[in-house]
Amino acid sequence: PEVVDQIAAGEVVERPAHLVKELVENSIDAGATRVHIEFFDGGRIVKVIDNGKGMAPEDLPKSLERFATSKISKTDDLWSLKTFGFRGEALASISAVSKLTITSRREGDEQAHQLICEYGKKRDIDKVGGSQGTTILMENLFDNTPARLKFLKSDAAENGAIKTTLKAMALSHYNVEIRIQENGKLVSFWPACKTRKDRVEQILEIKPLFEGEASRENVKAYAVFADPHNVAKTAKNIWLFAQNRWIQDRSLQAAVNEAYRSLLMHGEYPIAVVWVETDPDCVDVNIHPTKSQVKFQNASLAFRAVAASLRGTLEQAPW
Ligand code: ADP
Ligand code: MG
């Protein structure tokens, strides 16, 4: 493969969790209502099966070309360009550092078609059996770039990162069924939900949950959270989403803590999931695929909206 593809691959697929995210995002973009993820060996083998719209046989090789996205056609789509970044790079990058088997069938197709691509070298397309949707099997990750292999952490750590990423994706797509198998064992099965709150309950396995909403100018926050007696020992149970993309943000995390202040003891952390939404041109979600940072035009509005979305309910309830 081209050196440039391998370099790009280092950006997009630093860790297996990142490529899992890209693959599942593609499934969701394809309108899948069911996504099944299987991974082995710390994510060096990953299989993602979806029931989305599938790809035409002639589009299979195209999906592996760099910058060959089917998702940006007009200038209105600039926002998605800005938000999701790295358009059309994920599959190209992954295929440069692994063996990919893509099997896809559209509605109305008589059968599925399969393309195998090994370290950037494409084989011929075959007709195979298969139901509607797309299955992507990735194997031998980084076997052609041993230096990268060394950067992977233990299988347990990589598996953990994959599961955390999938949890975040499931939280942000409550109406998609997600099923996860780790080393051949079913570890999560989350049928589609009707509301975000149901999804939080299903995934975090916590009851009761409360919800609240608040706006500050054009920034809106919606929170689902546990009562102050139901606490965690780390801040890992504060999940933040901006424009429905999972983000890490110290300021908004502090806003959540602030809302619980005086309700929690030292060393206790809240359990909360918060979605922040604003006008597309008032927020910059980092375009880098492996970082999930966000920049609000007005960070203080976002802080206040988040704190208020929790506080409204927290202050009323008789804990
Ligand atoms: P992007 O998602 O930014 O367009 P990718 O490299 O992730 O770029 O995917 C390239 C293209 O392959 C997509 O634009 C889409 O047309 C096609 N594709 C990838 N995965 C799927 C899938 N699961 N179902 C249908 N089409 C897919
Ligand atoms: Mg993609």
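Residues numbered from 1 in each chain as written. Chains lettered and ligands numbered in written order. Predicted model: local features only at pLDDT ≥ 70, side-chain atom pairs only at ≥ 80, totals over all residues. Heavy atoms only, no water.

1. Focus on helix H2 (residues 16–29)
With 14 residues, H2 should cover 20 Å at 1.5 Å per step; its first-to-last C-alpha distance of 20 Å lies within 8% of that length. Burial runs high along H2: 12 of the 14 residues are buried. Taken from the residues just after H2, Gly31 is the one with a positive phi, measuring 80°. (Helix = DSSP H or I, 4+ residues; strand = E, 2+ residues; numbered from the N terminus. Expected span 1.5 Å × (residues − 1). Buried < 20%, exposed > 50% of the residue type's maximum accessible area, 1.4 Å probe, protein only.)

2. Overview of the nonpolar core
Leu19, Val24 and Ile37 are the most contacted members of the largest nonpolar core, which totals 53 residues. Among the elements that line this core, the one with the most residues is helix H7 (residues 155–172), at seven residues. Structurally, this core is a two-domain feature, drawing no fewer than three residues from each of domain 1 (3–190) and domain 2 (196–316). Once residues lying within four places of it in the same chain are set aside, the contact partners of Val24 are Val35, Ile37, Val48, Leu166 and Met169. Counting 28 residues, the second-largest nonpolar core is a separate cluster that includes Leu252, Ala259, Val294 and Phe296. (Core = buried A, V, L, I, M, F, W, Y, C linked by side-chain atoms within 4.5 Å. Domains from an automatic or database assignment. Contact = heavy atoms within 4.5 Å.)

3. Looking at the pattern of salt bridges
What the rule picks out here adds up to 12 salt bridges. Two residues, Lys21 and Glu25, come together in a salt bridge whose shortest N-O distance is 3.7 Å. Here Glu25 and Lys21 lie together in helix H2, a separation of four residues that amounts to about one turn. Per residue, the accessibility class of Lys21 equals that of Glu25, and both read buried. (Salt bridge = Lys/Arg side-chain N within 4 Å of Asp/Glu carboxyl O.)

4. Details of the pairing of strand S8 (residues 177–182)
Here S8 lies mainly inside the structure; five of its six residues are buried. Pairing analysis gives six bridges linking strand S1 (residues 34–40) to S8, with the strands arranged parallel. In the sheet register, Phe39 faces S8, and the bridge partner there is Glu182. Of the strand pairs in this sheet, S8 and strand S9 (residues 185–190) are connected by five bridges, and their pairing is antiparallel. (Pairing = 2+ DSSP bridges.)

5. Here we look at the packing of aromatic side chains
Aromatic ring pairs are defined here through the distance separating the ring centres and the angle between the ring planes. Per the stated rule, a full pass over the model turns up five aromatic pairs. Here a set of aromatic residues connected by ring pairs shows up, and it is made of Phe210, Phe225 and Tyr260. Just above the ring of Trp275 sits the side chain of Arg196; from NZ or CZ to the centre is 4.9 Å. (Phe/Tyr/Trp six-rings, centres within 6.5 Å; stacked < 30°, edge-to-face > 60°. Lys NZ or Arg CZ within 6 Å of the ring centre and 35° of its normal.)

6. Observations concerning the packing of H2 against H7
A pair of packed helices can be characterised by two numbers: the angle between their axes and the separation between those axes. Packing of H2 against H7 leaves a shortest axis separation of 8 Å and a crossing angle of 30°. With respect to their mutual orientation, H2 and H7 come out roughly parallel. Like other packed secondary-structure pairs, H2 and H7 cross with a definite hand, here right-handed. Along its contact with H2, which presents Pro16, Ala17, Val20, Lys21, Val24 and Glu25, the element H7 presents Glu158, Ala161, Ile162, Thr165, Leu166 and Met169. Taken together, the residues that form the contact of H2 with H7 break down as eight nonpolar, one polar and three charged. (Axes fitted to C-alpha atoms, helices over the stretch in contact; angles between N-to-C directions. Parallel < 35°, antiparallel > 145°, perpendicular 65-115°, else oblique. Left-handed = near helix turned anticlockwise from the far one by under 90°. Nonpolar A, V, L, I, M, F, W, Y, C, P; charged D, E, K, R; others polar.)

7. Topic: unusual backbone geometry
Note the cis peptide between Lys207 and Pro208, where omega equals -5°. Despite not being glycine, Asn140 shows a phi value in the positive range, around 55°. The topology assignment puts Asn140 in the loop between strand S7 (133–139) and helix H6 (146–151). Within the chain, Asn244 stands out as a residue other than glycine whose phi angle is a positive 65°. Within the secondary structure layout, Asn244 lies in the loop between strand S12 (238–242) and strand S13 (245–247). Residue classification places Asn244 among the partly exposed residues on the basis of a relative accessible area of 27%.

8. Notes on the environment of Ala112
Take Ala112: it is sitting in strand S4 (residues 112–118). For Ala112, the contacting residues outside a window of four places in its chain are Thr103, Ser104, Arg105, Asp126, Lys127, Val128, Gly129 and Gly130.

9. Points about the sheet that holds strand S14 (residues 272–277)
Reading across from one edge, S10-S11-S14-S12-S13 is the order of the five strands in this open sheet, with mixed pairing throughout. A single partner strand is all that each edge strand has here, and the edge strands are strand S10 (209–216) and S13. For this sheet the average axis-to-axis angle between neighbouring strands, irrespective of direction, equals 20°. Alignment of strand S11 (residues 219–226) against S14, held across six bridges, turns out to be antiparallel. Counted as the bridge partner of Tyr222 is Trp275 from S14. Taken strand by strand, helix H9 (residues 250–260) contacts S11, S12, S13 and S14, and its axis lies near 130° from that of S12.

10. Remarks on the confidence of the model for the protein chain
Of all residues in the protein chain, 88% attain a pLDDT of 70 or more, and the chain-wide mean is 90. Below a pLDDT of 50 lies the segment residues 81–85, which in the model reaches 16 contacts outside its immediate sequence neighbourhood of four places, other chains included. (pLDDT = per-residue confidence, 0-100.)

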